[in-house]
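# Structure at a glance
As a plain string of letters, each chain reads:
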Amino acid sequence: MPIRVKSRALPTPDRASSPISSHQEIQLPDIGHEDGFRDVIKKLSAYIAAVVFMPSTFEQLRTTSAGDDLRTLVEYLSDRVTNPAIVNALLALRWHYGAVNDSRGVNEARANACEIVAWRFLTRLSEREAVEFCLYEIPDACERDNSFQADEPADGGESNERTALLRNTSRSSSPDSCSDYHQSGTSRRNKLLKSISKLTMSRHASDVEELEDDPTAPFTHLNALEIAAIADAKRFLSQHVVQKIITGIWNGDIIFWDSLSVHSEKKPRVYNPNTADPFSRLRVPKYLKAYEVAFFVGFLMLYYSVLIEQNRYSLTPLEILLYVWFAGFFYDEISEYIDAGSVFYAADVWNLFDMIMIAIGIVFAVLRFVGLYKEDYTLVDIAFDVLSLEALFMVPRVCSILSLSPYWGTLIPCLKEMGKDFLKFMVLVVIVYVGFLTTFSLVGREMYSFPHMAMIVTKIFFGSSYVGFDIMEDIDPIFGPPLMLIFVTLSSILLMGSLTGMLSNSFSRVILHAREEYLYVYSVYVLEASTSNRLTHFYPPFNLIALGIFRPLRLFLPSDDKFRQGRILLLRATHAPIVGVIRVYEWITKRGNPDGFDSFRGPRTSFKRPVALPPDRPESRPRSRHRPRLPLSRPASLEVVNRPKSQRELPEDDTGNAPTDVEVRISELAAKIDRLTALVVSLQTGAGTETVRT
């Protein structure tokens, strides 16, 4: 007799089609135009933490439905939000989440989400708006309160070599802000990370508690590109829209100063050759780099001349000129450190070469003067020997311009990472080396001294294994052969093979992202050269003239606009030939390219636009009329499969490069997985099923 069984379907848990499920109850952040930087960070971090709660890779967030909530956020920010600190806040959060390690990888997914939202947001802006958002500097809290007051010099008439052009650089929110800005790179990085951590951990803190201490104070005066460089947001910096801005700064199409006057103001703007002061071209990074190469070539010629002559008994005119070159170079490095800050200064590997060159020059000068004063010519010879070490760093420094090319610019990050791994591995090598050196020295103490044995062990380690086999019987007839065989095996086969494999892996890891690494090095240099807040920047060795004239006068006379006017006149007098060369070069290039400065021209737009409350559904959002969209390169495969016919096209794939075959296959595979998952879930749902067993 057949048995009729009525079974009840088990409740199936809600299953998402991706690591990030769409939650309708999560409200979009309500960001007003006047909200401060810390308020923007808190609102964005709350939304990112709510929608990204499971591990997800960068490609999943970019190409699959895992990034649906991020697309919604991007559309909302581009259509409804006008706060200028949006990109700054997203990149600061990217840094925070990327620095916090967790076993699940959720923070890494959130860091990728912040980076994706940042560059997708920029692709929905006009070029001029993208420049304004990327180069917006975070002001002090007190400056926001006084932003609508009468326009007057913020420094109270004080004018010196460190006077900033912007009002936001002459004040600080705390008495220690200046010292915080110029502290070591590691401590400043830690303080920046701690400031964001305070905001993300205290999203529900009261406003009264927030007013006691502003945790975003360390980010004051940083723009979005600087935060991206500090946060190692290499994918963001490698995007086409960002690189176009950086290239515009490099070529001088985007400038921060268009005039040289007492009341000049630092502000990003498009260069207009008809109205801009010709001396403002001295701050263009391309011309700074060209002069830097010429300066180091002259430095190298003086260096060779002094070493070839080597007058032991007196100072020659060429040697005096070399000291002037050293002094100008040293003062310029100090100014660069003060202007760029310790974090940016430490990010450029060539600055390490500069500091070593300065240290060698100081040691040479001290030994030289002491030797001449005491008539100790042995000390003078040692001084010239020390100066000979300068070539190890000066010659690569002259050729540092090659790092701006894609090939050499890629090799430098590879060598940097390989050097880090090599130093880590050398800890194990030193441990093994010291252990065997101690054993061999004690066992063979009757035949070999400690220095002699140290040299033998060093030769064996660097590949001369036959030396060890020749003397192993002399060390000790019993313990010598087996110990030497073990040491040769460890050093020549195991350790050296492991070191070679590890360095090869380091090289492969970096070279896979060669374009991102190169563009990161290039971006760091451009930003470092353009972040100075000085009105007048003297090229070395002309900076010594300004130092010798204006520094002593400041001790006796009050600092006012006359000092700034005097520095401007001195700059025009000393740098007129350089500006003339720049003008001739631009005239020649403009004849070949009449529209050379038109890349960033277009309708001027502003942050001020009508702002509406966050809508309940993304579909009901009207499109902004103030931000023209860039053309769509290709839609993601998942959108083509799942998007309704009435849904408008969204330029979601904004990488700026054509997709590779791997990316297309990943996108198609993700679309098929989502469709299959939806099919399985639909088959599992239902009120109940009836089955008949016979």
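Residues numbered from 1 in each chain as written. Predicted model: local features only at pLDDT ≥ 70, side-chain atom pairs only at ≥ 80, totals over all residues. Heavy atoms only, no water.

### Topic: the overall build of the chain
What counts is decided by this rule: In this description a helix means any DSSP run of H or I spanning at least four residues, a strand means any run of E spanning at least two, and both kinds are numbered starting from the N terminus. Working definition: with a 1.4 Å probe on protein chains only, accessible area under 20% of the residue-type maximum means buried, over 50% means exposed, and in between means partly exposed. The contact definition used throughout considers only heavy atoms, calling two residues in contact when any of these lie within 4.5 Å. Surface accessibility follows the Shrake-Rupley procedure with a 1.4 Å probe radius. Residue values consider only the protein chains on display as shielding.
Scanning the chain from N- to C-terminus turns up 28 helices and four strands. Residue burial in the chain is summarised as follows: out of 694 residues, 47% are buried. Nonlocal contacts in the chain, meaning residues at least 24 apart in sequence, comprise 79% of its contacts between residues at least 6 apart. When the accessible area of the chain is evaluated, it comes to approximately 35,200 Å², of which 62% is carbon and sulfur surface.

### Quick look at the packing of aromatic side chains
This is how the line gets drawn: Classification of ring pairs uses Phe, Tyr and Trp, with its six-membered ring standing for Trp, and accepts pairs whose centres are within 6.5 Å; under 30 degrees between planes counts as stacked, over 60 as edge-to-face, and the remaining range as tilted. The rule is short: NZ of Lys or CZ of Arg within 6 Å of the ring centre and within 35 degrees of the ring normal puts a charge over the ring.
Evaluation of the coordinates by the stated rule reveals 28 aromatic pairs. Seen from their ring centres, Tyr 287 and Tyr 585 are 6.1 Å apart, and the 85° between their planes marks the pair as edge-to-face. Residue Tyr 287 is found in helix H14 (residues 285-309), and its partner Tyr 585 is found in helix H26 (residues 576-592); the two are separated by 298 residues along the sequence. Accessibility expressed as a relative area gives 10% for Tyr 287, which makes it buried. Measuring from ring centre to ring centre gives 5.8 Å for Phe 295 and Phe 296, while their planes differ by 75°; the resulting arrangement is edge-to-face. The pair Phe 295 / Phe 296 is uniform in exposure class, with both members buried. Taken together, the aromatic side chains of Phe 295, Phe 296, Phe 299, Trp 325, Phe 326 and Phe 329 make up a single cluster linked through ring pairs. Directly above the ring of Tyr 520 sits Lys 234, whose terminal nitrogen or CZ lies 5.1 Å from the centroid.

### Regarding unusual backbone geometry
In the segment running from Pro 540 into Pro 541, the intervening peptide bond is cis, with an omega of 0°. For Pro 541, the position within the fold is in the loop between helix H23 (514-530) and helix H24 (543-554). The residue Asp 232 is not glycine, and still its phi comes out positive at about 60°. Looking at the element boundaries, Asp 232 is found in the loop between helix H11 (224-230) and helix H12 (234-237). Relative accessible area serves as the criterion here: at 36%, Asp 232 is assigned to the partly exposed category. At Gln 310, a residue that is not glycine, the phi angle is positive and equals roughly 45°. Looking at the secondary structure, you find Gln 310 in the loop between H14 and helix H15 (317-347).

### Quick look at the pattern of salt bridges
Definition in use: Salt bridges, as used here, are contacts in which a Lys or Arg side-chain nitrogen is within 4 Å of a carboxyl oxygen on Asp or Glu.
By the definition in use, this model includes 18 salt bridges. With its nearest N and O atoms 3.0 Å apart, the salt bridge here joins Glu 517 to Lys 234. Remark: Lys 234 occurs in helix H12 and Glu 517 occurs in helix H23; sequence separation between them is 283 residues. Taking the shortest distance from any N to any O, the salt bridge between Glu 417 and Lys 420 comes out at 3.7 Å. Residue Glu 417 and its partner Lys 420 are both found in helix H19 (residues 406-443); the two are separated by three residues, about one turn of the helix. By relative accessible area, Glu 417 is classed as partly exposed at 24%. A relative accessible area of 40% places Lys 420 in the partly exposed class. Beyond isolated ion pairs, a larger network of salt bridges with shared partners links Lys 289, Glu 292, Asp 354 and Arg 397.

### Thoughts on helix H18 (residues 391-398)
Every α-helix carries 3.6 residues per turn, so stepping three or four residues along brings you back to the same face. For clarity, the threshold we go by: This arc is taken over the directions from the axis of the helix to the C-beta atoms.
When we look at burial in H18, the residues that qualify are Met 394, Arg 397 and Val 398. Down the axis of H18, the sector holding all buried residues measures 95°, keeping them to one side. Looking at the buried positions of H18, the neighbouring elements they touch are H14 and helix H16 (350-374).

### Side note on the side chain of Ser 264
Condition: Pairing of N or O atoms within 3.5 Å defines a polar contact, subject to two protein rules: one partner must be a possible hydrogen donor and the other a possible acceptor, and residues neighboring in sequence count only if both atoms are side-chain atoms.
Following the sequence through the fold, Ser 264 ends up in the loop between strand S2 (254-255) and strand S3 (269-270). The class of Ser 264 is buried, set by a relative accessible area of 7%. Here Ser 259 takes part through its backbone oxygen, which lies 3.1 Å from a polar atom of the side chain of Ser 264. One polar contact links the side chain of Ser 264 to the main-chain amide nitrogen of Ser 261, over a distance of 2.8 Å.

### Quick word on empty space enclosed by the protein
Counted only if it meets this: With a 1 Å grid laid over protein atoms only, a set of points is called a cavity when a 1.4 Å probe fits there but cannot get out and a pocket when it is open yet has protein on both sides within 12 Å along at least five of seven lines; lining residues have an atom within 4 Å of a point. Grid points are joined across faces, edges and corners, and a volume is the space filled by probe spheres set on the points.
What the rule picks out here adds up to six cavities of 30 Å³ or more. In this structure, the largest cavity spans a volume of roughly 400 Å³. Residue lining of the largest cavity: 23 residues in total, with Leu 288, Glu 292, Asp 332, Glu 336 and His 537 positioned closest to the centre. Going through the elements one at a time, H14, H15 and H23 are the ones with two or more residues in the lining of the largest cavity. Among the elements that make up the lining of the largest cavity, the one with the highest residue count is H15 (seven residues).

### Examining the nonpolar core
Quick note on the threshold: Here, nonpolar core means buried Ala, Val, Leu, Ile, Met, Phe, Trp, Tyr and Cys residues that are tied together by side-chain atoms lying within 4.5 Å of each other.
Within the largest apolar cluster, 80 residues are counted, with the highest numbers of intra-cluster contacts made by Leu 77, Leu 91, Leu 122, Leu 225, Phe 236 and Leu 237. In terms of residue count, helix H5 (residues 106-123) provides more of this core than any other element does, ten residues in total. Leave out the neighbours within four places in its chain, and Leu 91 touches Ala 118, Ala 224, Ile 227, Ala 228, Ala 231, Ala 233 and Phe 236. Among the nonpolar cores identified, the runner-up in size contains 43 residues, and Leu 302, Tyr 303, Val 306 and Phe 326 belong to it.

### Overview of the packing of H14 against helix H17 (residues 377-388)
Just so we agree on the cut-off: Here, axes are lines fitted to C-alpha atoms. For helices the fit covers the stretch in contact, and angles between N-to-C directions go from 0 to 180 degrees. Crossing handedness follows the turn of the near helix against the far one: under a right angle anticlockwise gives a left-handed crossing, and clockwise gives a right-handed one. The classification used treats Ala, Val, Leu, Ile, Met, Phe, Trp, Tyr, Cys and Pro as nonpolar, Asp, Glu, Lys and Arg as charged, and all other residues, Gly among them, as polar.
Close contact between H14 and H17 brings their axes to 11 Å; oriented N to C, the two are set at 145°. Both H14 and H17 take part in a crossing whose hand is left-handed. Residues Tyr 303, Val 306 and Leu 307 of H14 form the contact with H17, whose own contacting residues are Phe 384, Leu 387 and Ser 388. Across the contact of H14 with H17, the residue classes break down as five nonpolar, one polar and no charged.

### Remarks on the environment of Glu 108
Relative to the helices and strands, Glu 108 resides in helix H5. For Glu 108, a relative accessible area of 54% corresponds to the exposed category.

### Looking at the environment of Val 81
Within the fold, Val 81 resides in the loop between helix H3 (68-80) and helix H4 (86-99). Since its relative accessible area comes to 0%, Val 81 is described here as buried. Spatially, the C-alpha atom of Val 81 lies 6.8 Å from that of Gly 32, the residues being 49 residues apart in sequence.

### A word on the packing of H19 against helix H22 (residues 480-511)
To keep things clear, this is the line we draw: Working definition: roughly parallel below 35 degrees, roughly antiparallel above 145 degrees, roughly perpendicular at 65 to 115 degrees, and oblique for all remaining angles.
At a minimum axis separation of 9 Å, H19 and H22 run at an interaxial angle of 165°. One way to sum up the angle between H19 and H22 is to call them roughly antiparallel. Handedness of the H19/H22 crossing: right-handed. Across the contact of H19 with H22, the residue classes break down as 22 nonpolar, four polar and three charged.

Structural measurements only, silent on function.
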